[in-house]
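Geometric and topological summary
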Amino acid sequence: MTTSPAPTIQFDVESIRKEFPILHQKVNGHQLVYFDNAATSQKPLAVINSLIDYYTGYNANIHRGIHTLAEKATKAYEATREASMKFINAKHVEEIIFITRGVTEAINLVSHSYGRTFIGEGDEIIVSELEHHSNIVPWQMVCEQKGAKLKVIPILDNGELDFNAFKKLLNPKTKLVVVNHASNALGTINPVKDMARLAHDAGALILVDGAQAAAHLPIDVQQLDCDFYCISSHKMYGPTGAGILYGKKELLEKMPPFFGGGEMIKEVTFEKTTYNDLPYKFEAGTPNIADVVALKPAIDFIQSLGKATIAAHEHELLTYATSQLDSLKGIRLVGTAAQKVSIVSFVVEGIHHFDIGQMLDSRGIAVRTGHHCAQPLMDRLGIEGTVRASFAVYNTKQEIDKLVEGLDRVINFMK
Ligand code: C6P
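For the structure given in this document, a descriptive report is provided here. (Residues numbered from 1 in each chain as written. Predicted model: local features only at pLDDT ≥ 70, side-chain atom pairs only at ≥ 80, totals over all residues. Heavy atoms only, no water.)

1. Some details on the sheet that holds strand β4 (residues 96-99)
Threshold: Strand pairing is defined by DSSP finding a minimum of two bridges between the two strands. Helix and strand definitions here come from DSSP, where helices need a minimum of 4 consecutive H or I residues and strands a minimum of 2 consecutive E residues; each element is numbered from the N-terminal end. Structural elements are reduced to axes, namely lines fitted to C-alpha atoms, with helices fitted over the stretch in contact, and the angle between N-to-C directions of any two is expressed from 0 to 180 degrees. Whether two residues are in contact is decided by their heavy atoms, any of which lying within 4.5 Å being enough.
Spatial strand order, β4-β10-β9-β8-β7-β5-β6: seven strands in an open sheet with mixed pairing. Taken across any chain shown, the strands that pair with only one partner, and hence form the sheet edges, are β4 and β6 (149-153). This sheet shows a mean twist of 20 degrees between the axes of neighbouring strands, independent of strand direction. In terms of strand pairing, strand β9 (residues 228-232) meets strand β10 (residues 243-247) through five bridges, oriented antiparallel. Each residue of the ladder has a partner; that of phenylalanine 228, found in β10, is glycine 247. Against the sheet, helix α4 (residues 103-118) contacts β4, β7 (174-180), β8 (205-209), β9 and β10, and its axis sits at roughly 155 degrees relative to β9. In this fold helix α7 (residues 192-201) packs onto β6, β7 and β8, with an angle of close to 160 degrees to the strand it touches most, β8.

2. Overview of unusual backbone geometry
The cut-off we apply is this: In this scheme, a residue with accessible area under 20% of its type's maximum is buried, one over 50% is exposed, and one in between is partly exposed, where area comes from a 1.4 Å probe on protein chains only.
Following leucine 278, the chain continues into proline 279 via a peptide bond in cis, with omega recorded as 0 degrees. Although it is not a glycine, cysteine 373 adopts a positive phi angle of roughly 55 degrees. Position of cysteine 373 among the secondary structure elements: in the loop between β16 (368-370) and α14 (375-381). The partly exposed category is assigned to cysteine 373, whose relative accessible area is 23%.

3. Describing the pairing of strand β11 (residues 265-268)
Pairing of β11 with strand β12 (residues 273-275) involves three bridges; the strand directions are antiparallel. Note on β12: the bridge partner recorded for glutamate 267 is threonine 274.

Structure follows, in structure tokens:
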């Protein structure tokens, strides 16, 4: 999503809302307004029904059994892999590794397997000031263990990365650049394609945290030329407990396994174990079959609407919310990058973000408050936290009006 004019919306938001049963309820006596989509999105009926179908129709372990249910479950699980490959335009299906949490686990897999094998003393890892803790802490742990150094790309005051500073940080010691595609705290979209090019020119790899991009931005890993790309299912209308790690085949092939156990082996003896081929080398044990199966209808849901249509709708919401909130006295928007996903973060003069969140909740409006697991970013901005409203494809301008009205009341009440 960008600040360019949004094309005409191709879909009917009311019919989309019908697919999300959770939205149609009252919370604290008010119609629910769900603006905490960056934390986790709601799930369409197709996803919920897929879980029911799996558990009522063909629950079985995969890749092992030769019976009919096991074959059906295996086929459904592998169908999600195919769909995921197309979703991010990976070159090979074996570049799609399923994980049982989300981006956090994907990053930890890479930091343990790649980081602890190929990063050594004196090497440098570049992170950005915009990162979520899950794209900072695993790399700090690698640096501590291996004697490597963490270098930080600073941000500009509007929440964009300082690209010139990034260029200056790159040097022959840089082994890895890790950055999010979009910031969860401010919404900034980062120029990951350009960053990948520069990282590669410096002889480094790049890992992209796609947690806040997967439901909103087009993702083409070949075009971005990123080495790793991480996705959480639950932030893209899919179930919790599943995610995707994309890695370039040649890299995944040379990386050692993260977990050892069943499924990831070819042959085990007490003397020596040989490992399975990709992607199974990284999928030890019984995976979260049901949730991976139900990730496919989430992908289908996004694909059926089209990312361009979704982006146009969400851009309209972002523009509307930004202008409405900006016109409220006492509110300061935090993060005004030119390119943003549909996230507005703000502070209210003289009122703690936590109190704002509670008062909005009493009006049925769900937002997130706090540091958004980005404490170094909050430190840089000189604040403790923000109120964050994050929009999804089922949100409406009328809901934004309720947020603005609620905030107006809170501000006047607290005066
Ligand atoms: N951000 C938020 O409210 P997991 O928890 O592993 O699915 O995703 C972690 C993560 C990594 N990177 C970014 C950019 C993220 O936004 C998140 C999750 C949520 O902002 C929960 S803290």
